[in-house]
Amino acid sequence: MKAIDCPCGHRLEGADDEELFRLAREHIERDHPEMQRTDGQLRERVAADAYDLEPAQ
Ligand SMILES: [Zn+2]
């Protein structure tokens, strides 16, 4: 599992960068519609900021 923290404090968790990208896109559209991010910008953020998550428990 990988995760990425949104500046609002919301943590997105996904199996890989592709899922994080999809979740980030959904999260931004729902919670931050004022953030005008292109797909390319979003993928760059995921590539730069995503981190590996310890398995739960
Ligand atoms: Zn957010």
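For the structure itself, look to the data block above.
Enquirer: What is the right way to look at the coordination of the zinc ion in this model?
Expert: A four-donor tetrahedral metal ideally has 109.5 degree angles, and a six-donor octahedral metal ideally has angles of 90 or 180 degrees. Donor atoms from the polypeptide that bind the zinc ion are Cys6 (SG), Cys8 (SG), His27 (NE2) and His32 (NE2), placed at 1.9 to 2.3 Å. Because the angles between the four donor atoms bound to the zinc ion fall within 105 to 114°, the donor set is best described as tetrahedral. Along the chain, the residues that donate to the zinc ion are spaced as C-x1-C-x18-H-x4-H. Like His32, His27 is buried.

Enquirer: Please clarify how the side chain of Arg25 should be interpreted in this entry.
Expert: Inspection of the secondary structure assignment puts Arg25 in helix H1 (residues 17–31). In this structure Arg25 comes out as buried when scored by relative accessible area, which is 18%. Aside from chain neighbours lying at most four places away, what touches Arg25 is Arg37, Thr38, Asp39 and Leu42.

Enquirer: Mind showing me how you'd approach the nonpolar core here?
Expert: Proteins that are soluble and globular tend to have nonpolar side chains buried together. Core analysis: the largest hydrophobic core is formed by nine residues, namely Ile4, Leu12, Leu20, Phe21, Ala24, Ile28, Leu42, Val46 and Ala50. Listed by contribution, the elements that provide at least two residues to this core are H1 and helix H2 (39–49). Ranked by residues supplied to this core, first place goes to H1 with four residues.

Enquirer: I would appreciate a short explanation of the side chain of His27 in the present structure.
Expert: Looking at the secondary structure, you find His27 in helix H1. With a relative accessible area of 1%, His27 lands in the buried category. Ignoring any residue separated from it by four or fewer positions in sequence, one finds His27 in contact with Cys6, Cys8, His10, Leu12 and His32.

What counts, and where the lines are drawn
- The written sequence of each chain sets the order in which its residues are numbered from 1.
- Thresholds applied to this predicted model are a pLDDT of at least 70 for local features of residues and 80 or more for the giving and counting of side-chain atom pairs; totals over whole chains, interfaces and linings are not thresholded and use all residues.
- In computing side-chain properties, one takes all heavy atoms of the structure into account and sets aside hydrogens as well as water.
- The donor set comprises N, O and S atoms within 2.8 Å of the metal, extended to 3.2 Å for Na, K and Ca; water molecules are omitted, so apparent gaps in a site may simply reflect that omission.
- Metal sites are grouped by the angles between bound donors: all angles between 85 and 135 degrees with four donors is tetrahedral, opposite donors over 155 degrees apart with the others between 65 and 115 is square planar for four donors and octahedral for six, and any other pattern is irregular.
- Here the term buried applies to any residue with accessible area under 20% of the maximum for its type, exposed to any over 50%, and partly exposed to those in between, with areas from a 1.4 Å probe on protein chains only.
- Secondary structure elements are defined from DSSP: runs of H or I of at least 4 residues count as helices, runs of E of at least 2 residues count as strands, and each element is numbered from the N terminus.
- When checking whether two residues touch, look at their non-hydrogen atoms; a contact exists if any pair is within 4.5 Å.
- Buried Ala, Val, Leu, Ile, Met, Phe, Trp, Tyr and Cys residues that are joined via side-chain atoms within 4.5 Å together make up what is termed a nonpolar core.

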